[in-house]
Amino acid sequence: MKQIRVLIGKAGLDGHDRGALVIAQALRDHGMEVIYTGLRQSPEEIAQAAVQEDVDVVGLSSLSGSHRSLFPRVVEALRARDAADIPVIGGGVIPAEDIPYLEGKGITKIFTSGASTEALASYIKRLVGSASVSPKKIAHIGIAVRAINKSLPFYQDVLGLEVEKVEMVDSEQVKVAFLRIGETRLELLEPLNEQSTIHRFLDKKGEGVHHLAFEVDDLEERLSEYRRQGIRLLNETPVAGADNSQIAFLHPGDASQVLIELCQHQETEGDK
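Because the structure is predicted, anything quoted here is derived from the model rather than measured.

### With respect to the UniProt feature "domain: VOC" (unreviewed entry) in the protein
Line of reasoning, step 1. Residues given the UniProt feature "domain: VOC" (unreviewed entry) here are residues 137–265.
Line of reasoning, step 2. Annotated as 24% helix and 42% strand, the span residues 137–265 places its first and last C-alpha atoms 12 Å apart.

### Regarding the packing of helix 5 (residues 117–129) against helix 8 (residues 219–229)
Line of reasoning, step 1. Here helix 5 crosses helix 8 at 155°, and the two axes come no closer than 9 Å. In terms of orientation, helix 5 lies roughly antiparallel with respect to helix 8. As helix 5 packs across helix 8, the resulting crossing turns out to be right-handed. Between helix 5 and helix 8, the contacting residues are Glu-118, Ala-119, Ser-122 and Arg-126 on the first element and Arg-222, Glu-225, Arg-228 and Gln-229 on the second.
Line of reasoning, step 2. Residue composition of the contact of helix 5 with helix 8, by class: one nonpolar, two polar and five charged.

### Structural notes on the packing of helix 1 (residues 18–29) against helix 5
The relative placement of two packed helices comes down to the angle between their axes together with the axis-to-axis distance.
Line of reasoning, step 1. Following both chains from N to C, one finds helix 1 and helix 5 inclined at 60°, their axes separated by 10 Å at the closest point. With respect to helix 5, the axis of helix 1 lies oblique. Where helix 1 crosses over helix 5, the handedness of that crossing is right-handed. Across the interface between the two elements, Ile-23, Ala-26 and Leu-27 of helix 1 pack against Thr-117, Leu-120, Ala-121 and Ile-124 of helix 5.
Line of reasoning, step 2. Split into classes, the residues belonging to the contact of helix 1 with helix 5 amount to six nonpolar, one polar and no charged.

### Structural notes on the sheet that holds strand 7 (residues 163–169)
Line of reasoning, step 1. Strands sit in the order 7-8-9-6-10-13-12-11 across an open sheet of eight strands; the sheet is mixed. For this open sheet the edge positions go to strand 7 and strand 11 (239–241), each flanked by a neighbour on one side alone. Direction aside, neighbouring strands of the sheet carry axes that sit 30° apart on average.
Line of reasoning, step 2. Note that strand 11 and strand 12 (residues 245–250) share three bridges and pair antiparallel. Paired with Ala-240 across the strands is Gln-246, a residue of strand 12.

### Some thoughts on the pairing of strand 3 (residues 57–62)
Line of reasoning, step 1. Across the six residues of strand 3, six count as buried, placing the element largely inside the fold.
Line of reasoning, step 2. Side chains Val-57, Gly-59 and Ser-61 project from strand 3 onto one buried face, and the interleaved Val-58, Leu-60 and Ser-62 project onto a second face that is buried too.
Line of reasoning, step 3. Strand direction decides the pairing type here: strand 3 and strand 4 (residues 88–92), joined by five bridges, are parallel. Among the inter-strand pairings, Leu-60 is bridged to a residue of strand 4, identified as Gly-90.

### Brief notes about the packing of aromatic side chains
Given two aromatic rings, their pairing is described by the distance between the two centres and the angle made by the two planes.
Line of reasoning, step 1. Counting across every chain of the model gives two aromatic pairs.
Line of reasoning, step 2. Aromatic pair Phe-111 and Tyr-123: ring centres 5.5 Å apart, planes at 75°, arrangement edge-to-face. Separated by twelve residues along the polypeptide, Phe-111 in strand 5 (residues 109–111) and Tyr-123 in helix 5 bring together distant segments of the chain. Exposure class is identical for Phe-111 and Tyr-123. Each is buried.
Line of reasoning, step 3. Relative to Tyr-155, the ring of Phe-154 has its centre 5.2 Å away and its plane inclined at 85°; by these criteria the two rings are edge-to-face.

### Examining the nonpolar core
One broad trend across soluble globular proteins is that nonpolar side chains are buried collectively.
Line of reasoning, step 1. Counting 24 residues, the largest nonpolar core has Leu-7, Val-58 and Leu-78 as its most contacted members.
Line of reasoning, step 2. Of all the secondary-structure elements, those providing two or more residues to this core are helix 2 (43–53), strand 3, helix 3 (67–80) and helix 4 (99–104).
Line of reasoning, step 3. At six residues, the largest contribution of residues to this core is made by helix 3.
Line of reasoning, step 4. Core analysis: the second largest hydrophobic core is formed by 16 residues, Ile-4, Val-6, Ile-8 and Leu-127 among them.

### Comments concerning the side chain of His-211
Line of reasoning, step 1. Mapped onto the elements, His-211 comes out in strand 10 (residues 208–215).
Line of reasoning, step 2. Separated by 3.4 Å, the side chains of His-211 and Glu-187 make a polar contact.
Line of reasoning, step 3. Among residues more than four places away in sequence, those in contact with His-211 are His-140, Ile-141, Gly-142, Glu-187, Leu-189, Phe-249, Leu-259 and Glu-261.

### Section: helix 6 (residues 148–158)
Residues lying three or four places apart along an α-helix face the same way, a consequence of the helix completing one turn every 3.6 residues.
Line of reasoning, step 1. All of the buried residues along helix 6 are Ile-148, Ser-151, Leu-152 and Tyr-155. Viewed along the axis of helix 6, the buried residues span an arc of 115°, placing them on a single side of the element. Along helix 6, exposed side chains directed more than 90 degrees from the buried face belong to Asn-149, Lys-150, Asp-157 and Val-158.
Line of reasoning, step 2. Of the residues one or two after helix 6, Gly-160 is the one with positive phi, at around 80°.

About the criteria used
Residues numbered from 1 in each chain as written. Predicted model: local features only at pLDDT ≥ 70, side-chain atom pairs only at ≥ 80, totals over all residues. Heavy atoms only, no water. UniProt positions renumbered as here; feature names shortened; annotations may be inferred. Helix = DSSP H or I, 4+ residues; strand = E, 2+ residues; numbered from the N terminus. Axes fitted to C-alpha atoms, helices over the stretch in contact; angles between N-to-C directions. Parallel < 35°, antiparallel > 145°, perpendicular 65-115°, else oblique. Left-handed = near helix turned anticlockwise from the far one by under 90°. Contact = heavy atoms within 4.5 Å. Nonpolar A, V, L, I, M, F, W, Y, C, P; charged D, E, K, R; others polar. Pairing = 2+ DSSP bridges. Buried < 20%, exposed > 50% of the residue type's maximum accessible area, 1.4 Å probe, protein only. Phe/Tyr/Trp six-rings, centres within 6.5 Å; stacked < 30°, edge-to-face > 60°. Core = buried A, V, L, I, M, F, W, Y, C linked by side-chain atoms within 4.5 Å. Polar contact = N/O pair within 3.5 Å; in protein donor to acceptor, adjacent residues only side chain to side chain. Arc of directions from axis to C-beta.

Set out below in structure tokens:
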């Protein structure tokens, strides 16, 4: 397998590089070849070094607050050298509100100061190995209800949604009803017995939003990556879900107390 080559750059007059050195060592520990340009480099010098070293990724670090001007200049310098295909990621002391601006200027991804080196390394491996990083879409929003028949009139008659299908899911001991809305769906979940997690949810919190489900096409691989990152998995391996899918849940404690479901639908004859 080709060794991933990463260039770590410190653009501008920022004189602190401890974080950049920690990142460089962490990526080396993950088997990557890391080229560090050192302090006080211009965006043009960083871009030139990236081209000369033929790197797969450029990583920029900033603690000075100059990221809004310096990071985009590196992207522009790469474009000027016909190297726009080299992705640029950034990290450091970067306010969350600056992330959309930087991504709009061509920065592939921003890691804030709380991100782990494990997450960074996993992201780079996926970035270099595949163009698809994020889940494909929100597959559905799961809503716990005591009885589907009693809840349906609101969604059907008031909101005007149509029931797409109703089925039993043995692995979760629930009956589910899907209602399509645009590219996503609502999933009403009714417990089949007291052993169902939905029954316990209703006893504790009552009816309401239970989880968000994201559609992915690499479920087992993602679970392995998340496990390496220390993300808590409620399902160590995929289980059978509704609508001919494989699913796995992530611990809500790692997602701002939101229960996350990953689901991968199996291709059927009708999909071909």
